[in-house]
Every structure is written in C-alpha cells, then in structure tokens.
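# Geometric and topological summary
Listed below are the residues making up each chain.
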Amino acid sequence: MAVKDRDRFSTTTRIRLLGEQTAARVYRSQTKRQARRSRLTGRAALLALVLCTLIVALAYPIRQYVSQRAEIADVQRKQEQTRQRVEQLRDLKARWQDDAYAEQQIRQRLHYVMPGETGFVVIDPNAARKSRTDLGAADRPWYANFWDGVESSDASDQ
C-alpha cells in the first residue's frame, strides 16, 4: 500500500491526473462549441435577413417588369394584326380600281344589268311557305311591322 500512496502523491501521477482533467474539460467545451455551431449562427441569421430583404425589395420591380413585357407583347400582336388589316384594305382598294372588278361587284350586289340584257331573280321555293308572321320583327321591313301594328289595334277594337 505504501507504493500505491507514494505513487498517488508523485509528481508524474499528479501531472497525469491534471492532464486528464484538463483534457476532459477541453473535450466538454469542444462538444458544447460544436453543439452551438450546429445551431443558427449570427452570420447565417444576418445573411438570411439580407436575402429576405433583397427578395422583398426586388419583388415589386420584377412584377412590374413582367407585366410590362406582357403588355408590350400584346401591343406588338395588335400592331401586327393592324398591319395585316391595312394590307388587306390596300389589296381591296387596288381591286376596286379595276373597272372589271367594280362592274362585277355592282352586278352582284345591286343586281344591275347592262342595256340589252335580261335580269332574272331566282326566288327560294321555301320562302313561299313562310308567312309574314313567321318572320321576326327584325327580319321584316319597317312598314310591314307598322302595318301589323295597325291591324292588331284594329282587331282589338272589334
């Protein structure tokens, strides 16, 4: 036992025990630091805050940019449609400058005939079956509607 007690109070044993205790403290502090490091650090929080601020600050201008690009595309599409319509109207105007086309359209639309020609009007055989009352008021001439009103008021008096 004397060797054990003597060994317990020896300098090397004390230094070894101090070293083990110090190592245990260091190891505990390192694990605490590692536990703290795994959490959100101040730098990461600041970075997250800056990124969120940038996203919020840029959201409105980006939305405006996208809506303006859509509006520009819509205006360009309308411009192209208008350009095509102008081209069609120019073609139509050039056709009307031709006397043969004008004569053809006059004959077709206004039912004109040249002197010496005989004009024919083909009547639809189904049209004879329809009476005046079958036609809607918008499909008949104004005077037919007027006369029907006179007849209906006259019939109500009797």
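A brief report on the enclosed structure follows. Every chain's residues receive numbers from 1 upward, in the order its sequence appears when written. A pLDDT threshold of at least 70 governs which residues receive local features in this predicted model, and a stricter bar of 80 or more applies before side-chain atom pairs are shown or counted, although totals over entire chains, interfaces and linings include all residues. Note that water and hydrogens are dropped before the side-chain values are worked out from all heavy atoms of the structure.

### Quick notes on the overall build of the chain
The cut-off we apply is this: Helix and strand definitions here come from DSSP, where helices need a minimum of 4 consecutive H or I residues and strands a minimum of 2 consecutive E residues; each element is numbered from the N-terminal end. Remark: exposure states derive from per-residue accessible area (1.4 Å probe, protein chains only) relative to the maximum for the residue type, with buried under 20%, exposed over 50%, and partly exposed in between. Here the open area of atoms and residues is found with the Shrake-Rupley method and a 1.4 Å probe, where only the protein chains shown may cover a residue.
Looking only at helices and strands, the chain has five helices and zero strands in total. Looking at the chain residue by residue over its 158 residues, the buried ones come to 4%. Element-wise, carbon and sulfur atoms account for 59% of the exposed surface of the chain, whose accessible area totals about 15,100 Å².

### Regarding helix H3 (residues 42-97)
Cut-off, in case you're wondering: Multiplying 1.5 Å by the residue count of a helix minus one yields the expected span of that helix. Fitting axes to the seven residues ending at a residue and to the seven starting there, one defines the bend at that residue as the angle between these axes.
Over its 56 residues, H3 extends 82 Å from the first C-alpha to the last, a length consistent with the 82 Å expected when each residue adds 1.5 Å. The largest bend in H3 is about 35°, located at alanine 59, with the proline proline 61 one to four residues further on.

### A word on the packing of aromatic side chains
For any two aromatic rings, the description comes down to two numbers: the centre-to-centre distance and the angle of the planes. Spelled out, the test is: Only rings of Phe, Tyr and Trp enter the pairing, Trp through its six-membered ring, and a pair is recorded when the two centres are within 6.5 Å. The plane angle decides the type: under 30 degrees is stacked, over 60 is edge-to-face, the rest tilted.
Applying the stated rule across the entire model yields two aromatic pairs. Judged by centre distance (5.4 Å) and plane angle (80°), the rings of tryptophan 96 and tyrosine 101 are edge-to-face. Relative accessible area serves as the criterion here: at 35%, tryptophan 96 is assigned to the partly exposed category.

### Some remarks on helix H4 (residues 99-110)
Rule in force here: The directions considered for the arc are those from the helix axis to the C-beta atoms. When checking whether two residues touch, look at their non-hydrogen atoms; a contact exists if any pair is within 4.5 Å.
In this model, H4 (twelve residues) spans 16 Å end to end at C-alpha, consistent with the 16 Å of a helix rising 1.5 Å per residue. Among all positions of H4, only Tyr101, Ala102 and Gln105 are buried. The buried residues of H4 occupy an angular sector of 95° when the element is viewed end-on, so they sit on one face. If you follow the buried residues of H4, they end up packed against H3. Histidine 111 occupies a position one or two residues after H4 and carries a positive phi of about 60°.

### Some points on a nonpolar patch on the surface
As a reminder, the rule being used: Note that patches include only residues with greater than 30% relative accessible area and no salt bridge, and the join distances are 9 Å for like charges and 5 Å for nonpolar side chains (Val, Leu, Ile, Met, Phe, Trp, Tyr). Each salt bridge in this description consists of a side-chain nitrogen of Lys or Arg and a carboxyl oxygen of Asp or Glu lying within 4 Å of one another.
A surface patch of nonpolar side chains, about 990 Å² in accessible area, is lined by Leu46, Leu47, Leu49, Val50, Leu51, Leu54, Leu58, Ile62, Tyr65 and Val66. Within the secondary structure, leucine 54 is located in helix H3. With a relative accessible area of 46%, leucine 54 lands in the partly exposed category.

### Points about unusual backbone geometry
One non-glycine residue, histidine 111, adopts positive backbone phi at about 60°. Take histidine 111: it is sitting in the loop between H4 and helix H5 (142-157). Here histidine 111 falls in the exposed class, since its relative accessible area comes to 64%.

### Re the packing of H3 against H4
Condition: Angular values range over 0 to 180 degrees, each being the angle between N-to-C directions of two axes fitted as lines to C-alpha atoms, with helices fitted over their stretch in contact. Oblique is the label for every angle not falling under 35 degrees (roughly parallel), over 145 degrees (roughly antiparallel), or within 65 to 115 degrees (roughly perpendicular). Classification convention: Asp, Glu, Lys, Arg as charged; Ala, Val, Leu, Ile, Met, Phe, Trp, Tyr, Cys, Pro as nonpolar; all other residues, Gly among them, as polar.
Put simply, H3 and H4 touch, their axes get as near as 5 Å, and they point 90° apart. Regarding the angle of H3 to H4, the classification is roughly perpendicular. Contacts between H3 and H4 involve Leu92, Arg95, Trp96 and Gln97 from the former and Asp99, Tyr101, Ala102, Gln105 and Arg109 from the latter. The residue makeup of the contact of H3 with H4, split by class, is four nonpolar, two polar and three charged.

### Comments concerning the pattern of salt bridges
This model, assessed by the stated rule, comprises five salt bridges. In this structure, aspartate 74 engages lysine 78 in a salt bridge whose closest nitrogen and oxygen atoms are separated by 3.7 Å. Taken together, the residues span about one helical turn, with aspartate 74 and lysine 78 both in helix H3 at a distance of four residues. Glutamate 103 serves as the salt-bridge partner of arginine 107, at 3.5 Å between the closest nitrogen and oxygen. Residue arginine 107 and its partner glutamate 103 are both found in helix H4; the two are separated by four residues, about one turn of the helix.

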